[in-house]
Each structure stands twice: as structure tokens, then as C-alpha cells.
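Single-letter residue listing:
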Amino acid sequence: MERKNLIVGQSGGPTAAINSSLAGVYVGAKELGIDKVYGMRYGIEGLLKENIINLDDTLESTLNVELLKRTPSSYLGSCRYKLPEVKKGDEVYEKIFEILDKYNIGIFIYIGGNDSMDTIKKLSDYAKLNGSKIRFVGVPKTIDNDLPVTDHTPGFGSAAKYIATSISEIVRDSNVYDLKSVTFVEIMGRNAGWLTAASALAKNKLNDGPDFILLPEIGLDLKKFIKILSDRMQTKGNIVVAVSEGIKDTNGHHISEDECNVDAFGHKMLSGTAAFLAKKIKTELGVKTRAVEINTLQRAAAHLQSKTDIDEAFNIGFLGAKAGIDGNTGVMMNFERVEDSPYLSIVKKCDINLVANIEKCIPGEWISEDGFYVNEHFIQYAKPLIMGELSNIVCDGIQSHIKSL
């Protein structure tokens with residue numbers, strides 16, 4: 001029997017663009033002849049509970065599709081569920097494939113980051129092991145921008161746009177008073193500093209950027225940094241430092257690591273990096289300090305979506321559906337940059353084994369020699385990704401989103 005239906009899920013941390021990819025998957029599937037498009041509520045964990053909806057019931061209009069593209073967070077809900085290692089006869093996999101058979105699923109699409117691509121890899125491996133014809137396709141997303149192969153990930157551009165804008169505003173705020181101060185702005189990024197580096201985009205002809213950028217790719221020599229900071233304050237009273245939550249000391253230990261709190265994939269929870277540094281600098285230099293933790297705002301700021309990001313997210317979702325329909329499995333869709341100026345990228349696909357459980361960090365040649373900033377190579381790479389603004393759909397004075405499930 002021909003399998004005529006598609007199922008799609010979202011996993012990992014949300015972004016301001018992940019729902020645009022979901023919209024792309026839905027529109028692509030329907031335009032290319034898929035009968036029913038199902039959504040997993042709360043990712044693979046929800047699928048195991050058979051928590052499934054028919055997206056035809058909620059995306060029945062063009063307006064709802066457009067609202068979905070402008071809606072932050074994960075419309076279907078998310079999870080951080082780690083599948084066991086693949087082996088024939090495993091109960092978890094048997095249950096998943098029984099449910100997929102029940103709904104006549106021919107294509108399974110998962111929108112997510114590193115850990116989500118691990119799920120696609122394991123499911124496609126199990127399908128091959130057991131002769132299943134279901135196709136498994138990964139559609140990338142993550143504000144962290146740390147997936148290999150792809151030039152960048154959907155979600156990064158919008159988060160970078162928000163970070164750069166916020167940093168510019170924080171710099172303005174820090175300069176209000178005639179005193180010496182240091183403001184630490186904590187930005188997401190465990191092992192890769194792409195999003196923290198995006199703070200450099202704040203600096204242009206009209207706005208100022210941060211004075212220092214502390215990245216997890218570079219071990220922080222705190223004594224050296226305090227000396228450099230003290231020297232800078234002789235000529236500039238108010239300093240702003242963009243700092244990744246995942247910065248490490250020169251021994252490789254996270255400054256803010258919580259040894260007792262880990263997620264399903266074994267990632268230790270990180271928080272309080274800015275607060276730690278603010279307290280340390282206040283003690284050492286005797287100046288006013290402030291810690292700003294942007295936290296989840298950076299991944300949910302739909303009011304500052306990059307049009308480039310949203311358009312690309314939709315397209316990669318659409319082509320992800322097409323890839324599955326064309327018979328591809330065990331692949332992740334990815335971007336290949338063709339030109340920087342004018343910016344142009346194309347969508348391709350790669351073997352999931354080149355992506356799953358691998359992190360991409362900022363190239364060393366894109367970081368300044370002293371390790372406390374990024375150079376023009378990063379600016380040239382990142383600037384096109386934050387360009388353009390989406391027209392807002394407004395209700396009662398605020399941006400409107402699709403109604404929650």
C-alpha cells in the first residue's frame with residue numbers, strides 16, 4: 001500500500017523562525033500531493049504517546065499560514081527526548097513504527113538542532129535495519145548556529161538581529177551617567193559563540209557595539225581580562241561586555257556550570273555567567289557593575305524577525321517536504337552560500353551522519369588576535385542574515401500570532 005501521509009515535529013529550543021519552517025513543510029507537502037499532514041505534539045516524546053493532530057484543521061487558511069510564519073516558539077511544542085541506541089526489536093522503536101504505520105506515514109520530518117538530527121539518524125538507521133520504506137528528513141533550526149555542513153541555521157539570523165539591536169540599546173543606556181561602570185550582557189551559547197559574536201553587528205555608522213566579546217571558543221584568562229578592562233577604563237568610563245553563557249576558564253571549566261542539573265542529552269545547565277563576572281569586577285576594580293541576562297527573549301523575539309531568516313526557513317521546510325516526497329531519507333537539508341554581496345544561498349541536502357551530534361564553532365581566523373572580539377570575516381558572514389523586516393500583522397496594538405494549540 002502506498003503511504004500518502006506526512007508527519008512533522010519540532011524539537012529542542014524554540015526560535016523566532018522554527019514555525020516558518022513548519023509552514024514551509026505544510027505548504028510544500030500539500031502543494032506536492034500529500035494527502036494528510038500530521039503534527040507531533042511535543043516532538044518524538046508526544047509521538048510515543050500518540051499525541052498527534054491533523055494540521056489541516058489549524059492551517060486551513062492563507063492567513064493562518066502567514067500568522068504561523070510570524071509566531072515565535074514551537075507551535076507544535078517541543079521536547080528533549082533521547083532515543084536509545086539502535087538495535088533490532090527495541091520496544092521504543094517498535095512502538096514508533098507501529099504508530100507511523102497506523103497513520104499511513106510515508107515521510108517523517110523533524111525540525112531541530114544537533115540532538116534532533118540524532119533522532120533522524122537513529123530512526124533512518126532503524127528503518128534501514130528493518131526494511132521500512134518510511135523516509136526521514138531533518139530540517140535544521142537553532143539560534144546557536146552550531147550545526148555543521150550548513151552555512152547557517154534558520155533562527156540564527158532573527159536571534160542575531162535581536163541581540164545586535166538589544167546591545168545597541170544597552171550601550172546607549174550605559175552611557176547615561178558620568179561614572180565608571182561595566183555592564184555584562186549574557187547571551188546564549190554553550191560551546192559555540194555565534195550568537196554572542198552577533199553582538200558586533202550592533203556597531204555601524206549610527207550605533208555603538210560592545211567593547212569586548214567573550215566567546216566559549218577562547219579560554220578566559222580572568223586576570224589578563226581584568227587588567228585589559230582596567231586599562232580601557234582609563235580612557236572610556238562605561239564599558240559593555242557581551243559574554244556567552246558557556247565561556248570557560250583556561251582550564252576548560254565553564255564559569256557558570258551547574259554540575260547537578262543536566263538535560264536528557266547530558267548537557268549541564270548554564271546560567272549566571274554575567275552575574276559572576278559583574279560581582280568579580282566590582283570587587284576587583286571597585287566600579288559600578290550590572291549583569292543583564294537576555295535569556296529566552298533572544299529566541300522568541302518575533303517583532304525583530306529577519307525577513308531573510310523567515311523566508312529561508314520557509315523555503316528549507318518546503319524543500320524538506322519535497323526531499324522526502326522524492327524518496328530521500330537519512331538526510332538533513334542545508335544552506336550553501338553562493339554569494340556574499342549580493343547575498344545568495346541555495347538549499348541542498350547532506351547525509352545525516354555528517355551532522356548528528358557534531359558542533360560547529362566559530363573559525364579561529366574570524367576572532368580577533370587578542371581573543372576579545374570578532375573581525376571583519378565574521379561581520380561579512382553574519383550581516384546578510386539579519387537583513388530585512390517582515391510586515392507585522394497587528395491586533396490591539398501588538399503583533400499577532402496564530403492561536404495556540
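Residues numbered from 1 in each chain as written. Predicted model: local features only at pLDDT ≥ 70, side-chain atom pairs only at ≥ 80, totals over all residues. Heavy atoms only, no water.

A word on the overall build of the protein. For the protein, the helix and strand inventory stands at eleven helices and 15 strands. Referenced to the eigenvectors of the C-alpha coordinate spread, the extents of the protein come out at roughly 75 × 45 × 40 Å. Split into buried and exposed, the 405 residues of the protein put 56% on the buried side. Split by element, the accessible area of the protein, about 17,500 Å² in all, is 49% carbon and sulfur. (Helix = DSSP H or I, 4+ residues; strand = E, 2+ residues; numbered from the N terminus. Buried < 20%, exposed > 50% of the residue type's maximum accessible area, 1.4 Å probe, protein only. Areas by Shrake-Rupley, 256 points an atom, 1.4 Å probe, with all protein chains shown as cover.)

Taken in spatial order, the four strands of this open sheet run β7-β8-β6-β11, and their pairing is parallel. The strands lining the two open edges of the sheet, one partner per strand, are β7 (212-214) and β11 (288-293). Looking at each pair of strands side by side, their axes are set apart by 20° on average, direction ignored. As paired strands, strand β6 (residues 181-187) and strand β8 (residues 238-244) are joined by seven bridges and run parallel to one another. Bridge pairing in β8 links Glu186 to Val243. Against the sheet, helix α6 (residues 156-174) touches β6, β8 and β11, its axis set at about 165° to β6. Running over the sheet, helix α9 (residues 273-285) touches β6, β7, β8 and β11 and is turned about 175° from β11. (Pairing = 2+ DSSP bridges. Axes fitted to C-alpha atoms, helices over the stretch in contact; angles between N-to-C directions. Contact = heavy atoms within 4.5 Å.)

To continue, consider the nonpolar core. Trp194, Leu195, Val374, Phe378 and Tyr381 are the most contacted members of the largest nonpolar core, which has 39 residues in total. Within the residue set of this core, elements represented by two or more residues are α6, β6, α7 (194-197), β8 and α11 (376-382). The residues contacting Leu195, other than those within four sequence positions of it, are Ile143, Phe156, Ala159, Ala160, Ile163, Ile187, Met188 and Gln298. By size, the runner-up hydrophobic cluster in this structure holds 33 residues, among which are Leu22, Val139, Ile316 and Met333. (Core = buried A, V, L, I, M, F, W, Y, C linked by side-chain atoms within 4.5 Å.)

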